Every structure is written in structure tokens, then in C-alpha cells.
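A structural walkthrough
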Amino acid sequence: MKLKYYLRGLGIGIFLTSIIFMIGMYVNRKDLFSDEEIMVRARELGMVMEDAEPKTLDELEKEQKENQEKKKAQDSSKSQETKKAKENNSESPQTVKQVEFDVLPGEYSDTISKKLFDAGLITNESEFNQFITDSDYDNFIQPGTFTIPEGSTYEDIAKILTTKQENR
């Protein structure tokens, strides 16, 4: 077959395909909505809309630093409260209850948080999941069976879950 017939056939194919796509786009075309209709639909879907002017990059960074400082202050106050609770428990003759906890290979941090909540080791599964994600513990969680004392801080639990367990 000669090259010119091949190229002619290829060109006709591309041309026909373009026409078919243009017809398809015209048939399936959706009318654009007004800005107000789009905003109403966004609110229905639960999207957050800010009425204020957009923030600058510096303002966003400043706000992020403030949020991190608040979070650190909350985490430190929680750890101080749990340390006080541990001290109070150590003064009394009561023993701290140990809970056996299994982490299966391939489990994600949200699944582990749910299991810890169900076991009564944490009070808020989403808060714990956010903590281990922000602290980058979620990438180092090891599978195995762990012994976790009741009343442990998020930090303590995360450290326990990231240590390699020996085979039993």
C-alpha cells in the first residue's frame, strides 16, 4: 500500500473522530449555573464558604503556627494530667490494669484508633488518629500483640505501638 493512501485514510479518521466528539460534547453539554446557584449547591453539600476576604500566605502561616502552638499546649496539659493520675495511682496500693492489644499487618491508623477506643484505652478515636498522623507515628506502627497500661497518654500508646514485638 502506498504511503499517501495510508496518510489520507489516517487524516479522514482523525477528522471523523473530531466531528463525532464535537457532536457528543454538544449533546451532553450542561448549562452553566449562576454563581448563586453554585453557592447554594455547595452549601447543600457541606462545603465551607468564607464571606471574608481571602487571606494572604503570611496570614495563613501565622494562623497555622498558632494552631500548632495551641495543640502542643493541649497535648502537654493532657500529658501532665495523665502523669498526675499515674502519680496518684502509684501512691495508692492499686495496680494499673494492663490490656492486651493486637495490631494486624496492614491495618490503618483509623482502624487501630477504633480498636483502641473499643478497648477503652483512649477516649476519642478521631483525636488519637489525628495525633498519630500529625506526629508521623502512623508510618511506624508495628504488627503484633502489645500490652498497654490503662490511662496511658497518646504519646505512650504511640510509642508502644511503634516498638517491634518479639514473637510469643
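Note that this is a predicted model, so its numbers are computed, not measured.

Some remarks on the layout of surface pockets
When its volume is computed, the largest pocket comes out at roughly 420 Å³. Lys78, Thr82, Ser152, Thr153 and Tyr154 are the residues nearest the centre of the largest pocket, which is lined by 20 residues in total. Within the residue set of the lining of the largest pocket, elements represented by two or more residues are α3 (57-91), α5 (125-134) and α6 (154-161). Considering every element that reaches the lining of the largest pocket, the biggest residue donor is α3, with seven residues.

Side note on the confidence of the model for the chain
A residue-level look at the chain finds 82% of positions with pLDDT of 70 or above and a mean pLDDT of 81. The lowest-confidence element of the chain is α3, averaging 73 in pLDDT; the highest-confidence one is helix α1 (residues 3-27), averaging 91.

Comments concerning the pattern of salt bridges
Here the structure, examined in full by the defined rule, presents three salt bridges. Note that Lys115 is salt-bridged to Glu107, the shortest N-O span being 3.1 Å. The exposure class assigned to Lys115 is partly exposed, which follows from its relative accessible area of 25%. The closest approach of N and O atoms between Asp118 and Lys114, which form a salt bridge, is 3.4 Å. Taken together, the residues Asp118 and Lys114, both in helix α4 (residues 109-118) and four residues apart, mark about one turn of the helix. On the basis of relative accessible area, Asp118 is assigned to the exposed category, the value being 54%.

Topic: the side chain of Ser109
By the secondary structure assignment, Ser109 is in helix α4. Judged by relative accessible area, Ser109 falls into the buried class, the value being 15%. A distance of 2.6 Å separates polar atoms of two side chains, one belonging to Ser109 and the other to Asn129.

Structural notes on the pairing of strand β1 (residues 98-103)
Covered by surrounding structure in β1 are Val99, Phe101 and Val103 only, the residues Gln98, Glu100 and Asp102 on the alternate face being uncovered. Inspection of the sheet shows β1 paired to strand β2 (residues 144-149) by six bridges, in the antiparallel sense. In the strand pairing of β2, Glu100 is matched with Thr147.

Scoring rules and cut-offs
Residues numbered from 1 in each chain as written. Predicted model: local features only at pLDDT ≥ 70, side-chain atom pairs only at ≥ 80, totals over all residues. Heavy atoms only, no water. 1 Å grid on protein atoms, 1.4 Å probe; cavity = no way out; pocket = protein on both sides within 12 Å on 5 of 7 lines; lining within 4 Å. Points joined across faces, edges and corners; volume = space filled by probe spheres on them. Helix = DSSP H or I, 4+ residues; strand = E, 2+ residues; numbered from the N terminus. pLDDT = per-residue confidence, 0-100. Salt bridge = Lys/Arg side-chain N within 4 Å of Asp/Glu carboxyl O. Buried < 20%, exposed > 50% of the residue type's maximum accessible area, 1.4 Å probe, protein only. Polar contact = N/O pair within 3.5 Å; in protein donor to acceptor, adjacent residues only side chain to side chain. Pairing = 2+ DSSP bridges.

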